[in-house]
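Coordinate analysis (summary)
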Amino acid sequence: MTTISIPEGKKVYFSSDNHLGAPTMKQSYPREKKFVAWLDTIKDDAAAIFLLGDLFDFWIDYKTVVPKGFTRTLGKLAELSDAGIPIYFFVGNHDLWMNGYFEEELNIPVFHEPQQFTINNTSFFIGHGDGLGPGDKGYKRMKKVFTNPIAKWFFRWLHPDIGVKLAQHLSVKNKLISGDDDAIFLGEENEWLVQYAKRKLETKHYDYFVFGHRHLPLTIELNEKAKYINLGDWVSYYTYGVFDGKKLELKEY
């Protein structure tokens, strides 16, 4: 468990699901500029920044090349990291093939599983949210293929121009990957991440469960002391979370 103390006048920020590069690089460019502008607005009072996955609509760490694009985002993250602002990245289902680039080039730790954090004596359970809970069965099966070492080995043997183009096509067109069919609120009882959080509370208390993946800005009380927060996205809602040391709120940029 990682512990973070927020200095006076500082805040902790949470963001998720930018899907940069979708549906095309050209069409996502205005969204990227907006996200970078937001990072500029928070850099003076950010004690830490959590990026909860799907920053890119597709990303893979090759050994010697970097996927084209996203220069402004990567540059801004490097600037903030170099300025001493801790940034924590959780891979999503679109950028799960990260393998060292963020750590080595940007000094940003990358997590492939949900993590526990204590921030100003408040307990957080944080992750992207894909593959958790009773639902998402189609994606769970697909993730086993994507994370299989043999499948990853074969994919890396494709020329990057072919591999990235193929992956981008699947990322946009395949509903199991894109999650387009799930981006509708069907009631608390049908929210599988809510059900997952409630089951976690049976064995341990957390003040906040913070996830992305659903593309819906949601705040749901799990009991008198615990809340489930879904951060929404930077595609339709442009929402983010901000924790001032006492409470976590969703805001729109």
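Below, the structure is looked at part by part. It should be emphasised that the depicted structure is a prediction, and the values quoted were computed from it without experimental measurement.

1. Observations regarding the packing of helix α1 (residues 25-42) against helix α2 (residues 71-82)
As a packed pair, α1 and α2 sit with axes 9 Å apart at the nearest point and diverge in direction by 10 degrees. In terms of orientation, α1 and α2 fall into the roughly parallel class. The chirality of how α1 crosses α2 is left-handed. Counting all contacts with α1, which are made through Tyr-29, Glu-32, Phe-35, Val-36, Leu-39 and Asp-40, the residues of α2 involved are Thr-71, Arg-72, Thr-73, Lys-76, Leu-77, Glu-79 and Leu-80. In the contact of α1 with α2, the residues fall into six nonpolar, two polar and five charged.

2. Here we look at the pairing of strand β7 (residues 122-126)
The buried fraction of β7 amounts to five of the five residues, a majority that puts the element mostly inside the structure. Burial along β7 is two-sided: Thr-122, Phe-124 and Ile-126 facing one way and Ser-123 and Phe-125 facing the other are all buried. Here strand β6 (residues 115-119) folds back onto β7 in antiparallel fashion, the turn holding two residues, of which Asn-120 has a positive phi close to 50 degrees. With three bridges connecting them, β7 and strand β8 (residues 208-211) associate as parallel partners. From the neighbouring strand, Phe-124 faces β8, where its bridge partner is Tyr-208.

3. Some remarks on the sheet that holds strand β11 (residues 239-243)
Judged by pairing direction, the sheet is mixed, and its six strands sit side by side in the order β5-β4-β3-β2-β11-β12 without closing on themselves. Taken across any chain shown, the strands that pair with only one partner, and hence form the sheet edges, are β5 (110-111) and β12 (248-252).

4. Considering the packing of aromatic side chains
Under the criterion given, the structure shown has 35 aromatic pairs. Aromatic pair Phe-50 and Phe-117: ring centres 4.9 Å apart, planes at 90 degrees, arrangement edge-to-face. Separated by 67 residues along the polypeptide, Phe-50 in strand β3 (residues 46-51) and Phe-117 in strand β6 bring together distant segments of the chain. For the residue pair Phe-50 and Phe-117, the accessibility class agrees, reading buried in each case. Feature note: the residues Phe-14, Phe-50, Tyr-88, Phe-90, Phe-111, Phe-117, Phe-124, Tyr-208 and Phe-243 constitute an aromatic cluster, connected by ring pairs. Geometry around Tyr-238 places Lys-34 over its ring, the cationic atom sitting 3.9 Å from the centre.

5. Focus: unusual backbone geometry
Cis peptide bonds are those with omega within 30 degrees of zero, and the linkage from Ala-22 to Pro-23 qualifies with -10 degrees. Tracing the backbone shows Pro-23 in the loop between β2 (11-15) and α1. Positioned with a positive phi, His-19 is a non-glycine residue whose angle comes to about 50 degrees. In this structure, His-19 sits in the loop between β2 and α1. At Asn-120, a position not held by glycine, the phi torsion is positive, near 50 degrees. Here Asn-120 is to be found in the loop between β6 and β7.

Each value, and the rule that gives it
- Residues numbered from 1 in each chain as written.
- Predicted model: local features only at pLDDT ≥ 70, side-chain atom pairs only at ≥ 80, totals over all residues.
- Heavy atoms only, no water.
- Axes fitted to C-alpha atoms, helices over the stretch in contact; angles between N-to-C directions.
- Helix = DSSP H or I, 4+ residues; strand = E, 2+ residues; numbered from the N terminus.
- Parallel < 35°, antiparallel > 145°, perpendicular 65-115°, else oblique.
- Left-handed = near helix turned anticlockwise from the far one by under 90°.
- Contact = heavy atoms within 4.5 Å.
- Nonpolar A, V, L, I, M, F, W, Y, C, P; charged D, E, K, R; others polar.
- Buried < 20%, exposed > 50% of the residue type's maximum accessible area, 1.4 Å probe, protein only.
- Pairing = 2+ DSSP bridges.
- Phe/Tyr/Trp six-rings, centres within 6.5 Å; stacked < 30°, edge-to-face > 60°.
- Lys NZ or Arg CZ within 6 Å of the ring centre and 35° of its normal.

Scope: geometric values only; no functional claims are made or implied.
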